[in-house]
Amino acid sequence: ELIIYKQDKTNYDYLYELGDHPSANYFDRLTYFHEYIDYGQFDIDEQRFKKINTVFKQFEESLNA
């Protein structure tokens, strides 16, 4: 209930909707990782996976805050 999903919205639209919610910083970081890996065509090694997974867990926790 933090965002209103629409097919044509971007991740940055959703980030704007999150405003000052504690999850916004984590969502922003995860968006960066997504663009860096997907559009930059970088491979994910174990070290990168652990870093991203940590941020994702923090994101999930912040949703319940």
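Residues numbered from 1 in each chain as written. Predicted model: local features only at pLDDT ≥ 70, side-chain atom pairs only at ≥ 80, totals over all residues. Heavy atoms only, no water.

## Focus: the nonpolar core
- In terms of nonpolar packing, the biggest core is built from eleven residues, these being Tyr14, Leu15, Leu18, Ala24, Phe27, Leu30, Phe33, Ile37, Ile52, Val55 and Phe59.
- Counting only elements with at least two residues in this core, the list comes to helix H1 (11-18), helix H2 (23-39) and helix H3 (46-63).
- Considering each element in turn, this core owes the most residues, five residues, to H2.
- Excluding residues that lie within four positions of it along the chain, Phe59 makes contacts with Ser23, Tyr26, Phe27 and Leu30. (Core = buried A, V, L, I, M, F, W, Y, C linked by side-chain atoms within 4.5 Å. Buried < 20%, exposed > 50% of the residue type's maximum accessible area, 1.4 Å probe, protein only. Helix = DSSP H or I, 4+ residues; strand = E, 2+ residues; numbered from the N terminus. Contact = heavy atoms within 4.5 Å.)

## Overview of the packing of aromatic side chains
- Summed over all chains, the structure comprises six aromatic pairs.
- Where Tyr32 meets Tyr36, the ring centres are 5.8 Å apart and the plane angle is 25 degrees; that geometry is what we call stacked. Placement of the pair is Tyr32 and Tyr36 together in helix H2, with a separation of four residues, close to one helical turn.
- Residue Tyr36 is classed as partly exposed on the basis of its relative accessible area of 31%.
- When the ring of Tyr36 is compared with that of Phe42, the centres are 4.4 Å apart and the planes differ by 5 degrees; the resulting orientation is stacked.
- With a relative accessible area of 36%, Phe42 lands in the partly exposed category.
- Through a chain of ring-to-ring contacts, three or more aromatic side chains come together here, namely Tyr32, Phe33, Tyr36 and Phe42. (Phe/Tyr/Trp six-rings, centres within 6.5 Å; stacked < 30°, edge-to-face > 60°.)

Interpretation in functional terms is not warranted from these geometric data alone.
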